[in-house]
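# Inside the fold
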Amino acid sequence: MSNPEMAIPITQAPPLAASRAARAPLRTFWGELPRALLLLAGLASLVYAASGDNFTLNILASSFLFAGLAGAWNIIGGLGGQFSLAHSVFFAVGAYTTANLYLKLGISPWLGLVPAFLLAAIVAVLVSWPVFRLRGPFFAIATMAFTEVALAIGNYAEWLTGGTRGLSIPFRLGLGNMIFRDRLSYALLMLAFCALTLIVVVAVHRSRLGYYLQAVRDNEQAARASGVNVLRVKLTGMAISAGLTGIGGGLFFMQVRVADPAALLSLFDFGVKFALIALIGGLGSLYGPVLGALVIIPLESWLRAELGGVVPGANLIALSLLLIAAALFMKHGIVGLGHSLAARLAGGRP
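Let me sum up the structure you'll find in this document. (Residues numbered from 1 in each chain as written. Predicted model: local features only at pLDDT ≥ 70, side-chain atom pairs only at ≥ 80, totals over all residues. Heavy atoms only, no water.)

### A look at the packing of aromatic side chains
- Taken as a whole and judged by the stated rule, the model has twelve aromatic pairs.
- When the ring of phenylalanine 91 is compared with that of phenylalanine 252, the centres are 5.5 Å apart and the planes differ by 50 degrees; the resulting orientation is tilted. Separated by 161 residues along the polypeptide, phenylalanine 91 in helix H4 (residues 87-105) and phenylalanine 252 in helix H11 (residues 230-256) bring together distant segments of the chain. In terms of burial, phenylalanine 91 and phenylalanine 252 fall into one category: buried. (Phe/Tyr/Trp six-rings, centres within 6.5 Å; stacked < 30°, edge-to-face > 60°. Helix = DSSP H or I, 4+ residues; strand = E, 2+ residues; numbered from the N terminus. Buried < 20%, exposed > 50% of the residue type's maximum accessible area, 1.4 Å probe, protein only.)

### Re the pattern of salt bridges
- Tallying each qualifying case throughout the model produces eight salt bridges.
- Linking aspartate 218 and arginine 217 is a salt bridge whose minimum nitrogen-to-oxygen distance equals 3.1 Å.
- Glutamate 300 is the partner of arginine 304 in a salt bridge, and the nearest nitrogen-oxygen pair spans 3.9 Å. Of this pair, arginine 304 and glutamate 300 both sit in helix H14 (residues 288-307), separated by four residues, roughly a single helical turn.
- When salt bridges that share partners are traced, they join Glu32, Arg35 and Arg206 into one network. (Salt bridge = Lys/Arg side-chain N within 4 Å of Asp/Glu carboxyl O.)

### Some remarks on unusual backbone geometry
- Even without glycine at this site, methionine 178 takes up a positive phi of about 60 degrees.
- Counting through the fold element by element, methionine 178 comes out in the loop between strand E1 (167-168) and helix H8 (183-205).
- The class for methionine 178 is buried, based on a relative accessible area of 0%.
- Its identity as a non-glycine residue notwithstanding, arginine 257 has a phi of 65 degrees, on the positive side.
- Taking relative accessible area as the criterion, arginine 257 reaches 23% and is therefore assigned partly exposed.

### Describing H11
- For H11, built from 27 residues, the straight-helix expectation of 39 Å at 1.5 Å per residue is met to within 8% by its first-to-last C-alpha distance of 39 Å.
- Burial analysis of H11 places 22 of its 27 residues in the buried class, which makes it a mostly covered element.
- In the stretch just after H11, arginine 257 is the one whose phi turns positive, near 65 degrees. (Expected span 1.5 Å × (residues − 1).)

Shown next as structure tokens:
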């Protein structure tokens, strides 16, 4: 006869957090899309409010461009955990593809963005295939070395890049040439790129590929043991990330209309900045890169205007100190800080 005091219940109530997680519906692409569209509507309202102010429109255009580029980097760097410093190469591939097709073959930049996407994705796959055998800091160092190799090639390949003199796009106004006189058009163009990237990022996050990337990031060995084709997942994520970066490069070149390899392949101005914006906004989050760009780009412009002319390099020093402080006190970026504050206000634990 069993002792009722020794009886152990067959089932136990799960912890409160676990039960809430179990009851929470899995957010799909269509479930997340309204929030993304709401954010994009807010960005569009910023453009409308700044219409007529060319200085502010320039800052917004740069912010939207880097928001899209950081979001593209975040697919492989944040979601997949592969800290790439080679995205400036894919940026330059897209820029030179679009520019050369326009200059030599007369192909509209709007059509040139398609081969820019494809070629940047192909280059990314070819480069990443052997490099993905490395992990952690060794992977980052290898991608950084690839950037330096690409810079050396770009300086000597005058038929493609114009060498150290660079390439220049003639000023021919027209929608078909993607050359506009007003700043508002460029702000809307970069907002469209930001919207495209955000929609793709949401689709990747809420797809099987996104969950595979997160599994590889969290524990690659466990993901492989569970049947995930780790190399294929990494290459797919890198291809999408690089392709979107290539589109951004093409748009950037058509906006500035003149650039050389040293500018496009700059490790700090592009390669590191993509990652930095994603880190400040919230690594691996959906909307972190957008928030990071809306903070970093205007702040960088303001510091350059206020301090750059007073003491040379003072704006970079001030920006570096602010970024170090953000890394120390906002370990999960702006998005993580927002979640912590919301939890405190709700009476919960951050």
